[in-house]
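# Structural description and commentary
Next come the chains, spelled out residue by residue.
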Amino acid sequence: MTASTVQANALDDARVQLAEAVAVLGYPEGLHRILGAARRETTVSVPLVRDNGDVEVFTGYRVQHSIARGPAKGGIRYSSEVNLDEVRALAMWMTWKCALLDIPYGGAKGGVDVDPRTLSPAELERLTRTYTQGISPVIGPDNDIPAPDVGTDEQTMAWMMDAYSATRGRGVPGVVTGKPLDLGGSLGRRTSTSRGVAHISLLALAKEGIAPSSATAVVQGYGKVGADAADYLAEAGVRIISVSDRFGAVHNTDGLDLSRLRAHSEERGTVAAFGGGLPIDPAAVLELDVDLLVPAAVEGVVNADNASRVCARIIVEGANGPTTAEADKILERSGVLVVPDILANAGGVVVSYFEWVQAQQGYWWTLSDVERGLDDRMTAAWSSVLDQAATTGSTLRRAAMALAVGRVARAHRARGLTH
Ligand code: GLU
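The following refers to the structure shown.

## Regarding the pattern of salt bridges
Evaluation of the coordinates by the stated rule reveals 28 salt bridges. The residue Arg-398 makes a salt bridge to Glu-20 at a minimum N-O spacing of 3.4 Å. You can see Arg-398 sitting in helix H14 (residues 396–415) and its partner Glu-20 sitting in helix H1 (residues 3–25), a full 378 residues away along the chain. For Glu-20, a relative accessible area of 27% gives the class partly exposed. The closest approach of N and O atoms between Arg-129 and Asp-162, which form a salt bridge, is 2.9 Å. Taken together, the residues span a long stretch of sequence, with Arg-129 in helix H4 (residues 121–135) and Asp-162 in helix H5 (residues 154–168) at a distance of 33 residues.

## Some thoughts on the environment of Asp-149
Looking at the element boundaries, Asp-149 is found in the loop between strand E5 (144–148) and H5. Every residue in contact with Asp-149, bar those within four places of it in the chain, is listed here: Gly-75, Ile-76, Arg-77, Lys-109, Lys-224 and Asn-320. One polar contact links Asp-149 to Lys-109, side chain to side chain, over a distance of 2.9 Å.

## Looking at the nonpolar core
With 83 residues, the main nonpolar core has Leu-35, Trp-96, Leu-100, Val-243, Leu-261, Ile-314 and Val-339 as its most contacted residues. Among all residues touching Leu-35, those that are not within four sequence positions of it are Leu-18, Val-22, Tyr-27, His-65, Trp-96, Val-405, Val-408, Ala-409 and His-412. Formed by 23 residues, the second largest nonpolar core is a distinct cluster that contains Val-46, Leu-124, Met-161 and Tyr-164.

## Describing the site of the ligand
Neighbouring the ligand are 14 residues; Lys-73, Lys-97, Pro-148, Asp-149 and Ser-352 lie closest to it. Separating an oxygen atom of the ligand from a side-chain N or O atom of Lys-73 is a distance of 2.7 Å. Its free accessible area being 300 Å², the ligand has 94% of it covered by the protein chains. Mapped by element, the contributors of at least two residues to the shell around the ligand are strand E3 (72–78), helix H3 (84–100), E5 and helix H12 (347–361). Among the residues forming the shell around the ligand, the class breakdown is four nonpolar, five polar and five charged.

## Description of helix H13 (residues 367–392)
Helix length check: H13, at 26 residues, gives a terminal C-alpha distance of 38 Å against a target of 38 Å (1.5 Å per residue), a fit within 8%. Looking at H13, one finds that the buried residues are Val-370, Gly-373, Leu-374, Asp-375, Met-378, Ala-381, Trp-382, Val-385 and Ala-389. On its buried side, H13 packs onto H3, helix H6 (192–207), strand E12 (337–339), helix H11 (341–344), H12 and H14. Positive phi appears at Gly-393, one or two residues downstream of H13, with a value of about 65°.

Calculation criteria
Residues numbered from 1 in each chain as written. Predicted model: local features only at pLDDT ≥ 70, side-chain atom pairs only at ≥ 80, totals over all residues. Heavy atoms only, no water. Salt bridge = Lys/Arg side-chain N within 4 Å of Asp/Glu carboxyl O. Helix = DSSP H or I, 4+ residues; strand = E, 2+ residues; numbered from the N terminus. Buried < 20%, exposed > 50% of the residue type's maximum accessible area, 1.4 Å probe, protein only. Contact = heavy atoms within 4.5 Å. Polar contact = N/O pair within 3.5 Å; in protein donor to acceptor, adjacent residues only side chain to side chain. Core = buried A, V, L, I, M, F, W, Y, C linked by side-chain atoms within 4.5 Å. Near = heavy atom within 4 Å. Areas by Shrake-Rupley, 256 points an atom, 1.4 Å probe, with all protein chains shown as cover. Nonpolar A, V, L, I, M, F, W, Y, C, P; charged D, E, K, R; others polar. Expected span 1.5 Å × (residues − 1).

Pasting the structure below:
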């Protein structure tokens, strides 16, 4: 499958999911069109003078899918696969995620079509500052608040905050979340997505009657989300038998030694060739016979080609959009419990919200305040999705989408259908 197929599918999948929710909710076509349309799409060119003097021009995007329930919110992705349709899909998913967790935001996403691993730190900084200047007319603490996503991190957010502040002539920490602690970031933000993924995974295991101490799991995508999620799950007693990244994968039926694995991956930049397990084809990791599969990388990895070979009892979507709409149907038929991305990986944006609230109030929470708040919100969203699924006899994805889309639609209706 080529990169462009994956991206085209992400938007198709997001649209199929919305259409299903609209059908369940019985909404008219006009409201469907409002819910599906992005409120604002910004495309900017991002010229970069390389360290050797060469000039390259990248393309940057910021798509604000919805502002019906509050300012637009969502991450910034740096990847050579970024394009407008992918960003549109990811922005739409942010709208549903924020609504499902009942935080007062709409949804957005941004990105630049650059592979950050090919740039020096100085080039990355220049690129980030130019991109931020380009989108500065449409972002801001009350309009649209970026955060990290694939290929970006706290340092990227620090540069974004500084570049945006320069356009306003004053420091504006609330313009981005996921900042370093020294610039007004929140305790617990860096590990929040992973903590939420693990929390939801344990709730899903409990629902299926599986004790953590007898559970096995695999993590596809040992990166920012996957590595910490694996640690949290292992702390709870789950045996992590295989992990993968873009370069390779390792497998050990007795359970991987995660602290040694982390040291290896930090040193080599990959889990491949880790001595504490046997090498395995990264694609095969998705098909192992385990209780829990956590896809924690990018869209479309569980698709029509491999879904019938998935043996896991539960999939918890650490990534955005890892299961295609076609794969969803196959998994439903084979009885796999799929916990959708807009619930499973919402921990990041929940703590982004806490960070934004702390900045607005100028009052900083302790780590236990943040962790308790995160766990409570994830548990509440899990329970409401479970109740909705039980009452309507639907999958967790359809239940989550109906709840989220219903909330956004109510906001549109209350405002007069103009937002
Ligand atoms: N990029 C993360 C996500 O996909 C976090 C977004 C945010 O915190 O705004 O949910």
